[in-house]
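Coordinate inspection notes
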Amino acid sequence: MYKLCFALFCLIFCSSAIAQTNTFTQQDPNGGGSSISIATSGAEEAEGDVYFQEAEKNERMGDLNDALTLFGKAAFEYNNSGNSSRYGASLLRLSNVHYLLEHYTEAEHVVLNVALKTYSRFGNRSGQMASYSQLGKIYLAANKLTQSMWFYTQQGILARQTNSNTSYIDSILGLAQVKIRKKEYVQASRDINKAETFAKNSRISQFKGQIKQARSLIAEKKKVL
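The model shown is predicted, which means the values in this text are computed figures rather than measured ones.

Before going further, it helps to spend a moment on the overall build of the chain. If you tally the helices and strands in the chain, you get 10 helices and zero strands. Across the chain, helices and strands are ordered from the amino to the carboxyl terminus as α-α-α-α-α-α-α-α-α-α. Out of the 225 residues in the chain, the part that is buried amounts to 41%. For the chain, long-range pairs separated by at least 24 residues make up 62% of all intrachain contacts whose partners lie at least 6 apart in sequence.

If you trace the backbone, E59 turns up in helix α2 (residues 34-61). A polar atom in the side chain of E59 sits 3.0 Å from the side chain of R93. In this view, E59 contacts L64, A67, F71, R93, N96, V97 and L100; residues no more than four positions away in its chain are not counted.

Moving on to the layout of surface pockets. The computed volume of the largest pocket comes to approximately 360 Å³. In terms of residue class, the lining of the largest pocket is built from eight nonpolar, seven polar and four charged.

The next subject is the packing of helix α9 (residues 185-201) against helix α10 (residues 208-224). Packing of α9 against α10 brings their axes to within 10 Å, and their N-to-C directions diverge by 165°. Put simply, α9 runs roughly antiparallel to α10. Every pair of crossing elements has a handedness; the one defined by α9 and α10 is left-handed. On α10, the residues touching Y185, A188, S189, I192, N193, A195 and E196 of α9 are I211, A214, R215, I218, K221 and K222. Taken together, the residues of the contact of α9 with α10 sort by class into seven nonpolar, two polar and four charged.

Close approach of charged atoms lets side chains of opposite charge pair. For the coordinates displayed, the defined rule picks out six salt bridges. Taking the shortest distance from any N to any O, the salt bridge between R93 and E56 comes out at 2.9 Å. Of this pair, R93 sits in helix α4 (residues 84-100) while E56 sits in helix α2, placing them 37 residues apart in sequence. The class for R93 is partly exposed, based on a relative accessible area of 25%. The class of E56 is partly exposed, set by a relative accessible area of 24%.

The rules we used
- Within each chain, residue numbers correspond to sequence positions counted from 1 in written order.
- Only residues with pLDDT of at least 70 are given local features in this predicted model, and only at 80 or more are side-chain atom pairs given and counted; all residues enter the totals for whole chains, interfaces and linings.
- To obtain the side-chain values, all non-hydrogen atoms of the structure were used and water was disregarded.
- Only DSSP runs of H or I with at least four residues qualify as helices, and only runs of E with at least two residues qualify as strands; both kinds are numbered from the N terminus onward.
- Relative accessibility under 20% of the residue-type maximum defines a buried residue, over 50% an exposed one, and the middle range a partly exposed one, all with a 1.4 Å probe and only protein chains included.
- The criterion used for residue contact is that any of the two residues' heavy atoms lie within 4.5 Å.
- Between N or O atoms, a polar contact is any pair within 3.5 Å; within protein, one atom must be a potential hydrogen donor and the other a potential acceptor, and residues adjacent in sequence are included only when both atoms are from side chains.
- Each cavity reported here is a set of points on a 1 Å grid over the protein atoms alone in which a 1.4 Å probe fits but cannot get out, each pocket an open set with protein on both sides within 12 Å along at least five of seven lines, and each lining residue one with an atom within 4 Å of a point.
- Grid points are joined across faces, edges and corners, and a volume is the space filled by probe spheres set on the points.
- The nonpolar class holds Ala, Val, Leu, Ile, Met, Phe, Trp, Tyr, Cys and Pro. Asp, Glu, Lys and Arg form the charged class, and all remaining residues, Gly among them, are polar.
- Note on geometry: axes are lines fitted to C-alpha atoms, helical ones only across the stretch in contact, with angles between N-to-C directions running from 0 to 180 degrees.
- Angle categories: roughly parallel below 35 degrees, roughly antiparallel above 145, roughly perpendicular from 65 to 115, and oblique for all the rest.
- We call a crossing left-handed when the near helix sits turned anticlockwise from the far one by less than a right angle, and right-handed when that turn is clockwise.
- One speaks of a salt bridge when a side-chain nitrogen belonging to Lys or Arg is within 4 Å of a carboxyl oxygen belonging to Asp or Glu.

Here is the structure:
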């Protein structure tokens, strides 16, 4: 419980410090402290890398509470260093650990109120799409199907605008999962077929297992009816 609270504290502190980070890096009217700022920034980013790697290790080993704490620390260091991309990535991983722990409200908060706003502020389209995908997954697990469908749809729209084929396929399969939950099996099958065709045409093979699993799930659900 202490580790969970610490991670949440780091997250809240990171969120409030975004503007402060930019302000501090710009202060230095005489130009004499630039080398110190660069050195400090580099040290904080390196520290963030260490925390991030340890967090990944703990997540793989199933030590999710430790991973939660370490991803929070990584986010804190990346934010202080001004690395918005790594900061956002740490927040998404932090959210995913909450998701694995079935802390859906916390997982939603991290993405919706911090990660997505950070990516949007800096115009990071890839980060925005990843945030939409994560929110779609969280809301699906929480059985908030309308919200889940909305975020998967937003991911798909942005993916088409940016020619991000992988993210587009991911969004279609996400929508299929929502429709399966809603027992709309015909519509879900159409989405799966659409995703498969698009993946083949784009020569993207990473979704084969996911497509096969979705079809198997539909077959199992139909047997129960």
